[in-house]
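Fold and geometry: a report
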Amino acid sequence: MGIVKEFVKGLWNDNPTFRLQIGLCPTLAVTSSALNGVGMGAATTFVLMCSSILISALRNVIPSKVRIPCFIVVIATFSTVVDLVMNALLPDLHRVLGIFIPLIVVNCILMGRAEAFASKRPVFDAAIDGLGMGIGFTWALTLIGTVRELLGAGSLFGYKLVSDTAATFGIFSVAPGAFITVGFLLAAMNMISTRLRKTSKEA
Amino acid sequence: MNESVRMIVVLAVIAMLSGGLLAGVYEWTSGIIAENELREMQSSVFQVLPGTVRIELLDTAPSTLVEDDPTTMREVEQTTTQIFVGYDDRDDVTGFAFVGEGAGYGGAIRILVGVDDNSGAILGLAVLSHSETPGLGSKIEEASFRNQFVGKTLDDPIAVGKDINALTGATVSSRAVTEAVRRGFADAAAAYERSR
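The sections below set out a description of the structure shown in this document. Everything numeric in this text was worked out from a predicted model, so none of it was measured.

1. Observations concerning the packing of helix H4 (residues 67-89) of chain A against helix H6 (residues 108-118) of chain A
Residues and elements named next belong to chain A. Interhelical geometry of H4 versus H6 gives an angle of 130 degrees and a closest axis separation of 11 Å. On the basis of the axis angle, H4 is oblique to H6. Helix-helix and strand crossings are classified by hand; for H4 and H6 the assignment is right-handed. In this structure, H4 contributes Arg67, Ile68, Phe71, Ile72 and Ile75 to the contact, and H6 contributes Leu110, Met111, Ala114 and Glu115. The residue makeup of the contact of H4 with H6, split by class, is 7 nonpolar, no polar and 2 charged.

2. Describing the pattern of salt bridges
In this structure the tally under the stated criterion is 12 salt bridges over all chains. A salt bridge links Glu3 of chain B to Lys65 of chain A, with the nearest nitrogen and oxygen atoms 3.8 Å apart. Placement of Glu3 of chain B in helix H1 (residues 2-48) and of Lys65 of chain A in the loop between helix H3 (34-57) and H4 is noted, with the two residues assigned to different chains. Glu3 of chain B gets classed as partly exposed once you look at its relative accessible area, which sits at 41%. The salt bridge partner of Asp91 of chain B is Arg54 of chain B, with a shortest N-O separation of 3.1 Å. One end of the pair, Asp91 of chain B, is in the loop between strand E4 (80-87) and strand E5 (93-103); the other, Arg54 of chain B, is in strand E1 (residues 54-57), and 37 residues separate them in sequence. Each of the salt bridges in this network shares a partner with another, and the network as a whole consists of Glu6, Lys9, Arg113, Arg121, Asp125 and Asp129 of chain A.

3. Here's the deal with the interface of chain B and chain A
Listed by partner, the interface residues are 21 residues for chain B and 24 residues for chain A. Summed over both sides, the interface of chain B with chain A buries roughly 2000 Å², with 76% coming from carbon and sulfur. Considering only the side of chain B, the residues that lose the most area to chain A are Met7, Leu11 and Ile14 of chain B, jointly responsible for 23% of the buried surface there. In this assembly, chain B and chain A are joined by 1 salt bridge.

4. Let's talk about helix H3 (residues 171-195) of chain B
With 25 residues, H3 of chain B should cover 36 Å at 1.5 Å per step; its first-to-last C-alpha distance of 36 Å lies within 8% of that length. At Phe185 of chain B, H3 of chain B shows its largest bend, some 30 degrees.

5. What to know about the side chain of Thr52 of chain B
All names here are of chain B. Counting through the fold element by element, Thr52 comes out in the loop between H1 and E1. Its relative accessible area of 8% is what places Thr52 among the buried residues. Polar side-chain contacts of Thr52 include one of 3.0 Å to the side chain of Thr94. Here Thr52 is in contact with Phe46, Gly86, Tyr87, Asp88 and Thr94, once residues within four sequence places are set aside.

6. Concerning the nonpolar core
By size, the foremost hydrophobic cluster in this structure holds 31 residues, and its most contacted members are Met40, Val47, Ile101 and Ile104 of chain A. Elements supplying a minimum of two residues to this core: H3, H4, H6 and helix H7 (123-153) of chain A together with H1 of chain B. No other element matches H4 of chain A, which puts 7 residues into this core. Setting aside its immediate chain neighbours within four residues, Val47 of chain A contacts Ile75, Phe78, Ser79, Val82, Ile104 and Leu110 of chain A.

7. Considering helix H1 (residues 3-11) of chain A
Note that an α-helix has 3.6 residues per turn; residues three or four places apart therefore point the same way. Residues and elements named next belong to chain A. Inspection of H1 places Glu6, Lys9 and Gly10 among the buried residues, and these make up the whole buried set. Buried residues of H1 fall within an arc of 95 degrees about the axis and therefore sit on the same side. Exposed positions of H1 whose direction lies more than 90 degrees from the buried face are Val4 and Lys5. Packed against the buried residues of H1 are H6 and H7.

8. Some words on unusual backbone geometry
Working note: non-glycine residues mostly have negative phi, and peptide bonds are mostly trans. One non-glycine residue, Gln21 of chain A, lies in the positive phi region at around 50 degrees. Inspection of the secondary structure puts Gln21 of chain A in the loop between H1 and helix H2 (24-30). Positive phi, normally seen in glycine, also occurs at Asp91 of chain B, with a value near 65 degrees.

What counts and how
- Residues numbered from 1 in each chain as written.
- Chains lettered and ligands numbered in written order.
- Predicted model: local features only at pLDDT ≥ 70, side-chain atom pairs only at ≥ 80, totals over all residues.
- Heavy atoms only, no water.
- Axes fitted to C-alpha atoms, helices over the stretch in contact; angles between N-to-C directions.
- Helix = DSSP H or I, 4+ residues; strand = E, 2+ residues; numbered from the N terminus.
- Parallel < 35°, antiparallel > 145°, perpendicular 65-115°, else oblique.
- Left-handed = near helix turned anticlockwise from the far one by under 90°.
- Contact = heavy atoms within 4.5 Å.
- Nonpolar A, V, L, I, M, F, W, Y, C, P; charged D, E, K, R; others polar.
- Salt bridge = Lys/Arg side-chain N within 4 Å of Asp/Glu carboxyl O.
- Buried < 20%, exposed > 50% of the residue type's maximum accessible area, 1.4 Å probe, protein only.
- Buried area = accessible area lost by both parts, 1.4 Å probe.
- Expected span 1.5 Å × (residues − 1).
- Bend = angle between axes of the 7 residues up to and from the residue.
- Polar contact = N/O pair within 3.5 Å; in protein donor to acceptor, adjacent residues only side chain to side chain.
- Core = buried A, V, L, I, M, F, W, Y, C linked by side-chain atoms within 4.5 Å.
- Arc of directions from axis to C-beta.

From the geometry alone we can't say anything about function, so treat these as descriptive.
Here's what the structure looks like:
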């Protein structure tokens, strides 16, 4: 199992959002704009990498019966650290993402990777896995956020592309629009994957 | 037996280390966070009170600034939470600014209203924090909505449908801001008068 493979799988084949379909709660909630997607993705990536490294390092110390509480303590600690540091150094981003940062704790991606990967593999592999999964999560969130912001607010990364009076699809700014967007993007991902598989078979 | 002891020790050690780390990070960030909030509040006051270079928190709180009523166990409504007095570069009073709070669609909306010392008219309004629907209620932040309050005095009705136009699709948010302005205005003005 090469390092590259461990990293790349999070980007496409095992993409947390589009493939594993875990952690959808924050995905639907924060992606009303592209910047929110980038911010949430970056924060989750940081927590995911740190917790993966630590859990992997402690994998022979933690008794298996209390592994879940140990994982939660580690993940909650890093989430709180991100919350405080972001509030201090990036107050603007924190104002937008504030209520979602504590929710990183209950994001299934973190528990999922800790249980399925980090607790069984060496530190370096766990770090690469966490980074790949985090970046996969980030690009997925950014893509969803971009689509929703374009359609819902007529802007991109905060820059208005249409006039203030132009009508936009307000539904894409709110929860139903998130479901619709994720549905269409999932369909597109599946289509691309099927095509790729076909061409590789033919070749 | 041995295993249960190990379980307890490992979990306890991890929890202790985590507590220590969090205490350290909190110690480091709490000062910066408080500074950020103060700076943000200052720049908001400068924005709603043009010409202001220095602000002071007013000590005299309005009589409605009561947190809890112990007899009924119900929270008494707060019409305004903070009042600032602004000074210009010659140290003359420019006016006062008060923080108002209203119940919006997605939670509390906190606004800051600047009032001119001479005319008693509103000079500007800034939205400090809100959790309204993006694209609908969030338009309370836009100048075209906020500027409707400029020039209003205590004699104006300041009510949606009378002299304030609600945002399309965001009646609750518009009403919350308007209520916050109207209710805070009288109490803040009274408290400001008492302090002069």
